[in-house]
Amino acid sequence: MPERVGNVTRSRYEQLVAEARELIAQVSRAQFSLGDKALEIEPMRPVGGSMPNGTDDLFTVEESLVLFADDIGVAKSTVEDWRWTASRWPAAKRKDDVSFTVHRILASVSDEAERWAAIEDAPFNQRAGRRGWTPDAAKRLVGQRVERPVTVEEKVQAAADLTRDEEVAAIVTADLLRRPTATAQLPPAERVRVVQELTRDDEVAKTVTADLLRRPAVARETMRDDTARFLVNRAQFDNSAQARETVRERTPAVRKIEHTIEYLDLVGSCHQYVATLGRLVPRLRGQEFPEDERETVRRGIAKVRAAAEWLEAAIDNGEFTLDEQLAKLLKGE
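The rules we used
- Residues numbered from 1 in each chain as written.
- Predicted model: local features only at pLDDT ≥ 70, side-chain atom pairs only at ≥ 80, totals over all residues.
- Heavy atoms only, no water.
- Helix = DSSP H or I, 4+ residues; strand = E, 2+ residues; numbered from the N terminus.
- Rg over C-alpha atoms; globule rule 2.2 N^0.38 Å.
- Buried < 20%, exposed > 50% of the residue type's maximum accessible area, 1.4 Å probe, protein only.
- Areas by Shrake-Rupley, 256 points an atom, 1.4 Å probe, with all protein chains shown as cover.
- Lys, Arg positive; Asp, Glu negative; His and termini not counted.
- Charge placed at Lys NZ, Arg CZ, Asp CG, Glu CD.
- Contact = heavy atoms within 4.5 Å.
- Phe/Tyr/Trp six-rings, centres within 6.5 Å; stacked < 30°, edge-to-face > 60°.
- Lys NZ or Arg CZ within 6 Å of the ring centre and 35° of its normal.
- Expected span 1.5 Å × (residues − 1).
- Polar contact = N/O pair within 3.5 Å; in protein donor to acceptor, adjacent residues only side chain to side chain.
- Salt bridge = Lys/Arg side-chain N within 4 Å of Asp/Glu carboxyl O.
- Patch = residues over 30% accessible without salt bridge, like charges linked within 9 Å, V, L, I, M, F, W, Y side chains within 5 Å.
- Core = buried A, V, L, I, M, F, W, Y, C linked by side-chain atoms within 4.5 Å.
- 1 Å grid on protein atoms, 1.4 Å probe; cavity = no way out; pocket = protein on both sides within 12 Å on 5 of 7 lines; lining within 4 Å.
- Points joined across faces, edges and corners; volume = space filled by probe spheres on them.
- Nonpolar A, V, L, I, M, F, W, Y, C, P; charged D, E, K, R; others polar.
- Axes fitted to C-alpha atoms, helices over the stretch in contact; angles between N-to-C directions.
- Parallel < 35°, antiparallel > 145°, perpendicular 65-115°, else oblique.
- Left-handed = near helix turned anticlockwise from the far one by under 90°.

In terms of helices and strands, the protein chain carries 16 helices and four strands. Taken over the C-alpha trace, the protein chain has a radius of gyration of 44 Å; the compact-globule value for 333 residues is 20 Å, which it surpasses by more than 25%. Projected onto the principal axes, the alpha-carbon positions of the protein chain cover approximately 125 × 65 × 50 Å. The buried share of the protein chain, taken over its 333 residues, is 15%. Split by element, the accessible area of the protein chain, about 25,600 Å² in all, is 56% carbon and sulfur. Across the protein chain, the centroid of the 51 positively charged side chains sits 7 Å from that of the 58 negatively charged ones.

Quick look at the structure:
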């Protein structure tokens, strides 16, 4: 145990504490006495209770308490505090070794029997090594906020109170997320939820996703998810299409080159189709086809005919869109 407390020795500190306790007892007795005087002036009445009808000099409760407070030089709220606490603790139930502050806190216990029993059962004070009431111990009993949080729940509540301001909360959150040991204790589902909240902004999400996919193990596991793989492939296709469009806008000659390539592909496809039929059809001489095979070939011819008509209309009319009926036919639906 330290030899000094503040600027005094341990023995002097103990002496000062003993003297202070006596002064606190005197103050408590004075506060109760003042509360009793306020009660004498204005007794407590049940909610909705009526006041006696009388003469013109009869004051309301508030007027009487304001007058008393002004005449003794304190705030009306202080008089109301004394009066209410005194009303909750009859003289026989008051404890000389318990401060008026603790009496006021425990006064919120609604049941009288519980209130009388509570003040007699002081909790153990770990620091002092003995039983005794403190304001925080009394607040703990009645469910009020403590000044010096001890339990995890009390500390969490205190932190919540201090971070109600959004700016303060942002700074504290950033600091907490820099602590690996703290974030490691969060369940995986909570960590996922935190990341989702922090990446609602598309710019942030893009940066985080790019960084994550640079990790080979993460990228490998992610690509095993069918939906993720599809979206990545789709994004790559969209990016390529956007890049091609940008090049076309900046370099008109590219479009002419593409046109030439696409024209040659189209003509080549027609020649290849005709050449393939020219090679295969003569070899079918003498073969017999069952009805199911003939029907399959007819369906194929219908698709070819529809595709050819679509191509011809596109070349003649400039209409290159694929209508729903033709799309179903080409897909074999």
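This brings us to helix H6 (residues 135-142). Inspection of H6 places Asp-136, Ala-137, Ala-138 and Lys-139 among the buried residues, and these make up the whole buried set. The inward-facing, buried residues of H6 contact helix H4 (100-106). Two residues or fewer past H6, Gly-143 is found with a positive phi of approximately 85°.

Right, let's talk about the packing of aromatic side chains for a bit. Under the defined criterion, the tally for this structure stands at two aromatic pairs. Look at Phe-32 and Phe-100: their rings are 4.9 Å apart centre to centre, the planes differ by 70°, and that puts the pair in the edge-to-face class. Taken together, the residues Phe-32 in helix H1 (residues 10-41) and Phe-100 in helix H4 connect sequence positions 68 residues apart. Each member of the pair, Phe-32 as well as Phe-100, is classed as buried. Between the NZ or CZ atom of Arg-115 and the centre of the ring of Trp-116, over which it lies, the distance is 5.1 Å.

With that out of the way, let us pick up the environment of Val-192. Take Val-192: it is sitting in helix H10 (residues 188-198). Val-192 sits 81 residues away from Tyr-273 along the chain, and the two C-alpha atoms are 55 Å apart.

Because an α-helix completes one turn every 3.6 residues, residues spaced three or four positions apart along the sequence face the same direction. Here helix H11 (residues 202-213) contains 12 residues, and its C-alpha end-to-end distance of 16 Å stays within 8% of the 16 Å for a straight helix at 1.5 Å per residue. One side-chain oxygen of the residue at the start of H11 lies 2.9 Å from the amide nitrogen of Glu-203, identifying that residue as Asp-201.

Glancing now at the pattern of salt bridges. Summed over all chains, the structure comprises 16 salt bridges. Two residues, Arg-294 and Glu-291, come together in a salt bridge whose shortest N-O distance is 2.5 Å. A residue pair is termed a helical-turn pair when its members lie 3 or 4 positions apart in one helix, as Arg-294 and Glu-291 do in helix H15 (residues 291-317) at three residues. For Arg-294, a relative accessible area of 36% gives the class partly exposed. For Glu-291, a relative accessible area of 46% puts it in the partly exposed group. For Arg-298, the salt bridge goes to Glu-295, with nearest N and O atoms at 3.6 Å.

Here we take up a nonpolar patch on the surface. A contiguous nonpolar surface patch, about 560 Å² in accessible area, is contributed by Tyr-273, Val-274, Leu-277, Val-281, Leu-284, Phe-289 and Val-304. Tallying contributions element by element places helix H14 (residues 252-280) first for the nonpolar patch, with three residues. By the element assignment, Val-304 lies in helix H15.

On to the nonpolar core, then. With 22 residues, the main nonpolar core has Val-79, Trp-89, Val-102, Leu-106, Ile-119, Trp-133 and Ala-138 as its most contacted residues. Those elements that place two or more of their residues in this core are H1, helix H2 (61-72), helix H3 (76-88), H4, helix H5 (112-120) and H6. By residue number, the principal contributor to this core is H4, which donates four residues.

Before going further, it helps to examine the layout of surface pockets. As a volume, the largest pocket reaches approximately 1,000 Å³. Contributing to the lining of the largest pocket are 29 residues, with Arg-21, Asp-97, Arg-130, Trp-133 and Thr-134 lying nearest its centre. Broken down by secondary-structure element, the contributors of at least two residues to the lining of the largest pocket are H1, H4, H5 and strand S4 (130-131). At nine residues, H1 tops the list of elements feeding residues into the lining of the largest pocket. The residue makeup of the lining of the largest pocket, split by class, is 13 nonpolar, six polar and 10 charged.

On to the packing of H1 against H2. Remark: H1 packs on H2, axes separated minimally by 10 Å, with the N-to-C direction vectors making an angle of 140°. Taken as axis vectors, H1 and H2 run oblique relative to one another. Between H1 and H2 the crossing geometry is right-handed. Contacts between H1 and H2 involve Leu-34, Lys-37, Ala-38 and Ile-41 from the first element and Ser-64, Leu-65 and Phe-68 from the second. In the contact of H1 with H2, the residues fall into five nonpolar, one polar and one charged.

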